[in-house]
Amino acid sequence: MGEILSRDALVDRVRAARAAGRTIAFANGCFDILHVGHVRYLDAAAQEADILVVAINDDAAVRTLKGENRPILAAEHRAELVAALRSVDFVVMFSEPTVTPLLEALQPDVHCKGTDYTVDTVPERDTVKAYGGRIAIVGDPKNHSTRDLLSRIASSSS
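About the criteria used
- Residues numbered from 1 in each chain as written.
- Predicted model: local features only at pLDDT ≥ 70, side-chain atom pairs only at ≥ 80, totals over all residues.
- Heavy atoms only, no water.
- Salt bridge = Lys/Arg side-chain N within 4 Å of Asp/Glu carboxyl O.
- Helix = DSSP H or I, 4+ residues; strand = E, 2+ residues; numbered from the N terminus.
- Buried < 20%, exposed > 50% of the residue type's maximum accessible area, 1.4 Å probe, protein only.
- Arc of directions from axis to C-beta.
- Contact = heavy atoms within 4.5 Å.

Draft legend 1. Highlighting the pattern of salt bridges. Per the counting criterion, the structure on display carries ten salt bridges. With its nearest N and O atoms 2.6 Å apart, the salt bridge here joins Arg 70 to Asp 32. You can see Arg 70 sitting in the loop between α3 (59-66) and α4 (75-83) and its partner Asp 32 sitting in the loop between β2 (24-29) and α2 (36-46), a full 38 residues away along the chain. Across this residue pair, the class does not change: Arg 70 and Asp 32 are buried. A salt bridge links Arg 40 to Asp 140, with the nearest nitrogen and oxygen atoms 2.8 Å apart. Pair noted here: Arg 40 is in helix α2 and Asp 140 is in the loop between β6 (134-137) and α7 (146-156), with a separation of 100 residues, a long-range link.

Here is the structure:
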C-alpha cells in the first residue's frame, strides 16, 4: 500500500529515492469517485518510472474545479483509496490551483497526464521542460468520467 505523506515528507522521500538511483513518475487529479479510468491511468503512469507519486486536489480545489456539489468523497478518503492501489507509492494532497509548485519541489523524471491531453496541451509543460523532465501521456482513451458516473447513478435512483 502506498503512503500518504505531507509535502515536506514527500520531498525527503523523493530525494532519498533519487539518491538510491530510482526514477520518479508523477500523476495528479481529483480522483473523486475512483473508477476504472483512474486505475488504468495510474497503472500506466507507474510503468514510466520506478516510483509513482500521486497528487490529489484538496476539497476546496475540487469544489473550484468541479462545482459546489463536489467532491463526493473527502480528500482524506480519496487519498486512502488511491494509496491502496498497487501501482501507487506515495500520495500527497495539494491546495494550489495547479501542481506547478509540487513539480518544482519534486522535479519528477516524468510528469504523467491522461489521454485528454497531448504533450503540447499539458498546462505544466514549460515547468517540466525547465527542470529537464519529460511528459508522458498515459492511460486509456478518456471515455470514463466521474461526472458521467454520477449522472448514471442519479438517473438510476429516480
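Draft legend 2. Focus on α4. When we look at burial in α4, the residues that qualify are Ala 75, Arg 78, Ala 79, Val 82 and Ala 83. Down the axis of α4, the smallest arc covering the buried residues is 130 degrees, so these residues share one side. Considering only its buried residues, α4 is in contact with β1 (3-4), α2, β3 (51-57), α3 and β4 (90-94).

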